[in-house]
Amino acid sequence: MGANDEVRIGVFICHCGINIGGIVNVPKVVEYAKKLPDVVYAEDNLYTCSSVGISKIKEGIKEHNLNRVIVASCTPRTHEPLFRAACEEAGVNKYLFEMANIRDQCSWAHMHEPEKATEKAKDLVRMAVAKARKLKPQEEPEIDVTPSALVIGGGISGMTAALCLANQGFEVHIVEKEPELGGMLRHLHKLYPTMQDASERLNQVVNAVKSNKRIKVLTSTVVKQVKGFIGNFRVTVEKGKSKTLNLEIGTIVVATGAANFEPIGMYGYKQFDNVITQFQLEQLLKTRQLERPQRVVMIQCVGAREEKGRTYCSRICCMTAIKNATLIKELFPEAEIYILFRDLQTYGKEYETCYLDARSKFIQFIKYVQERPPEVTSGPSGKLVVKIYDALLNSEIEIPSDLVVLSTPLIPHEDTKELSQILKVSLGPHGFFFEAHVKLRPIDFATDGIYVCGTAHSPKDTAESVSQAFGVASRAAIPMAVKRLRTEAITAVVDENLCSGCGTCVKLCPYGAIEKDEKGVARITQVVCKGCGVCAASCPENAIEMCHFTKEQVTAQALAALGRPFA
Amino acid sequence: MSQNQGILVVGAGIAGIQASLDLADRGLKVYLLEKSPSIGGRMAQLDKTFPTMDCSMCILAPKMIECYRHPNITLLTYSEVQEVKGSAGNFTVKILKKPRFIDEEKCTGCGICAQNCPVEVPNEFDMGLGIRKAIYVPLPQAVPLVYTIDEENCLKCGLCEKVCGAEAVNLDQEPEEIELKVGAIIVATGFDIFDARRISEYGYGRYQNVITSLELERLLSASGPTGGHLIRPSDGKVPKTIAFIQCVGSRSQRGELPYCSSVCCAYATKEGMLIKEHNPESKIYILYIDLRVFGKGFQEFVNRAKTEYGVEYIKGHPGKIEENPKTGDLVIRYENVVDGKVKEITVDLVVLCPALVPRRDNERLAEILKVELDEYTFFKAKDPLFEPLNTNLSGVFMCGYCQGPKDIPESVAQASGAAAKAAEEIALTSSRGGVGNGSK
């Protein structure tokens, strides 16, 4: 069905149960839509997104010979792919589909004014019709996918993902900035909740990675540049100071891990010798260098769950403290151990039991409130004194102690920002990598073909990191398994006759999709362009047009909003 | 592709759905089995999700439909696993498809049958708060949108058969046995809710205005029994003061569940904020033991609930709740752990946050699959640290809450992980030269 034939528009208006239908008078909007120019069919559905609704669209296309489809319902963010697919299945190019958001932007926003909401729904449908009349079919270019993955970071997350990808039949490159594989686990002593030796399993995994024929390991290596796009990344890595290598990569996994926060200036850290971090205690336990302590005080949430700044909970510190306290008790049964906490994060099916076990071993837990944090001072005999307001006893107590251990949060590595810029992916408010959707796309990036797992995403323990690592081993494998992908059709197009070659768009493009060609005019790599429109909006010569959002289409929509008759 | 390269996914909540989509998207054949009439699971029952406040159904429905439309996914709803034989790479599975008494091919989901059905029963999907007919779809966005006759309550009056224009009703439908050959199995059966009546001092089941959090979700949901209007059960009035009680049956040291359900502090925060959005003048209390908001963005979510919404968090676990029989109001006695004082608050509505527990039929399924369960009857990981998605049996994987408490993003990540493990199994089987070789 060509777009140049007579325009025949079908409008499907959704009640969304009562979300829309409870406020907007949907049948009235249907009647209104039927009278709009080029609309040959209109109907309402209880749920247009239900399997019945989808069948209705397809039947409508066949019965009424539709070549433009409008759904007035919820948001294109969640539902456009579904409706577009329905059009395609019925033989209508999916770019001849238009959506009017009469829920989020209408019925929800004007819940208490049903009549006005109905009028606005009519306006939104009219605007969609004005645009739909001008729509043109678009084609999505197909690209091949290189069956080779890059895993950035050779810790437990990166290695787990790499092994699983290799077992699925793909070539994997691991890039690790340190001279050896292993990441954070190299520094850890025992792992909760099984109390397994961290090095024991780590060595097995490292050996499995090294002996796997499909995995190539590059240590002391960093990623310097990433060009290209999903399926066709061209990655430049630097080994040591001088040697650079170019890799052809299909998909990229970010597994760069996290660092430990150093609590400079807090609780006497670096001021008193016997104030150390939980991470330092872990080293002492691992190397068996911990001297017999009489009394140990662990302070939780040091530099975490703050009022401002690092507001987040680092998730692993309560269990790490409980684990290390239990280990000290095993080594030195007579040692007294206090854990000063705000809220104990022993979540899930196993950790609460670890906490109860610790209590049964006479490890003392004292709750403190954020407003009255503990104080660490130097006592008369050179010992440390920890002052704490015990809320339960409603009194301040003093605990003389010979070792104070500060539980500090995991924080992003210093080079996280640089890597995010190289990869053109986002960071969250605390500098961890930011996923595409917190709920349903937790290990994808918004940029296609790049994925994240482990503590690079947010603080988490070994089991949780490993779970995510297996997760990205699926996400990153999918494009490589299908071998060919369709890419975005809504891209920018440069009119060479109007382009002055000023280069504004080249600088502004967040995806690096634009460069100047030999004639000095802007050239867009279509498969890299995400269709964000930044270039078109900022072009001083108006030389850039957005497919599917052309000036003609958007103007028609705007004029319709003002109630002007259709051109 | 030969048939043995298929994968059976047991349970079609968000975890099972995500595992299926990952596998199907890479070209593998998936059988997605669900014991209830529609896919969607627990997430479909939720109003909104923390900490983004996404409308749960709005982000789930597209995935449900995708499963329905996907050429590589076969939905087996209203079905149960009967028998599993064979080993990794080469399982033979017997499925029992229970009779819906409706021809799935013919039913258009128009609902005329339900309009005419004279039998009203409490709707399980609404936690029994609303009603459905004996011929029903559990939710309006059911996938597949096919009606089911609930044999237990049907009077066999035949009215539905008379009004059905599609001639889809078949009261003589028999159970159907299906045999599948699959290379791997993923278990994603989710969770059940602890019976809050067991904590008798809170009065659930005796006091009308003591409800559970999942009941509240249904009351807040626009597609729920009250159309999204929060009213209290005793008198239909809008509650002004609402108290949430955490750890009902969980973190118990007296014989219920010792573990933490992981999601309640965060969802109670969300529900508190939602109530405030419905009725800005309402007062919300959340009574807790430890505030567990360890997930990404959760602490900030709680901070917002406190500062922007005025939700009041009280560190204290109530000893007793008493009802004022005249007003239906509830008096909560608790010890405030911060100052050690015993206090009382009177509220219009109490929302209990019960422990989330393993599915009651896990034992049956584990026996059929020959896999191990842990002491609570959650599915047990072969190695909780490094192989958290493997059961003890090669070729059988798991993801989501059936393995232990976790939230939606964790379940989704694990679902992709289980998909990777299953794909790995299929790849290994074919590299060994096909079905059955070397996998004994």
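Residues numbered from 1 in each chain as written. Chains lettered and ligands numbered in written order. Predicted model: local features only at pLDDT ≥ 70, side-chain atom pairs only at ≥ 80, totals over all residues. Heavy atoms only, no water.

Asks: Describe in detail the state of the cysteines, supporting the description with residues and values.
Replies: The full count for this structure, using the stated rule, is one disulfide over all chains. Put simply, cysteine 55 of chain B and cysteine 58 of chain B are joined by a disulfide, and their sulfur atoms are 2.4 Å apart. Because the torsion about its S-S bond is 70 degrees, the bridge between cysteine 55 of chain B and cysteine 58 of chain B counts as right-handed. For the pair shown, cysteine 55 of chain B and cysteine 58 of chain B are each scored as buried. With no disulfide partner, cysteine 532 of chain A has as its closest neighbouring cysteine sulfur the one in cysteine 509 of chain A, 6.1 Å distant. (Disulfide = S-S within 2.5 Å. Buried < 20%, exposed > 50% of the residue type's maximum accessible area, 1.4 Å probe, protein only.)

Asks: Please give an account of the packing of aromatic side chains that cites residues and values.
Replies: Tallying each qualifying case throughout the model produces 16 aromatic pairs over all chains. For the pair phenylalanine 433 of chain A and phenylalanine 445 of chain A, a centre-to-centre distance of 5.7 Å together with 75 degrees between the ring planes defines the contact as edge-to-face. Linking phenylalanine 433 of chain A in the loop between helix H11 (416-423) and strand E25 (450-452) with phenylalanine 445 of chain A in the loop between H11 and E25, this pair joins segments that are 12 residues apart in sequence. Assigned by exposure class, phenylalanine 433 of chain A and phenylalanine 445 of chain A land together as buried. Taking 6.2 Å as the distance between ring centres and 45 degrees as the angle between the ring planes, the aromatic pair formed by phenylalanine 378 of chain B and tyrosine 401 of chain B counts as tilted. Here phenylalanine 378 of chain B is found in the loop between helix H8 (362-369) and strand E24 (396-398), whereas its partner tyrosine 401 of chain B is found in the loop between E24 and helix H9 (408-431), with 23 residues between them in sequence. The burial state of phenylalanine 378 of chain B is the same as that of tyrosine 401 of chain B; both residues are buried. Of the aromatic side chains, those joined through ring pairs into one cluster are Phe191, Tyr259, Tyr376, Phe378 and Tyr401 of chain B. Note that arginine 372 of chain A overlies the ring of tyrosine 389 of chain A, its terminal NZ or CZ placed 3.8 Å from the centroid. Lying across the ring of tyrosine 136 of chain B, arginine 132 of chain B places its NZ or CZ 3.7 Å from the centre. (Phe/Tyr/Trp six-rings, centres within 6.5 Å; stacked < 30°, edge-to-face > 60°. Helix = DSSP H or I, 4+ residues; strand = E, 2+ residues; numbered from the N terminus. Lys NZ or Arg CZ within 6 Å of the ring centre and 35° of its normal.)

Asks: Explain the pattern of salt bridges to me, and be specific about the residues and the numbers.
Replies: The tally for this structure, following the rule as stated, stands at 69 salt bridges over all chains. Among the salt bridges present, the one from arginine 484 of chain A reaches glutamate 142 of chain A, with a minimum N-O distance of 2.7 Å. Here glutamate 142 of chain A lies in strand E5 (residues 142-144) and arginine 484 of chain A lies in strand E26 (residues 484-486), a separation of 342 residues in the sequence. Salt-bridge contacts for lysine 270 of chain A lead to glutamate 262 of chain A; the nearest nitrogen and oxygen are separated by 3.3 Å. A residue is classified by how much of its surface remains accessible, and lysine 270 of chain A, at 58% relative accessible area, is exposed. Members of the salt-bridge network, linked through shared partners, are Glu352 of chain A together with Arg251, Asp290, Arg292 and Lys315 of chain B. (Salt bridge = Lys/Arg side-chain N within 4 Å of Asp/Glu carboxyl O.)

The values reported here are purely geometric and, on their own, carry no functional implication.
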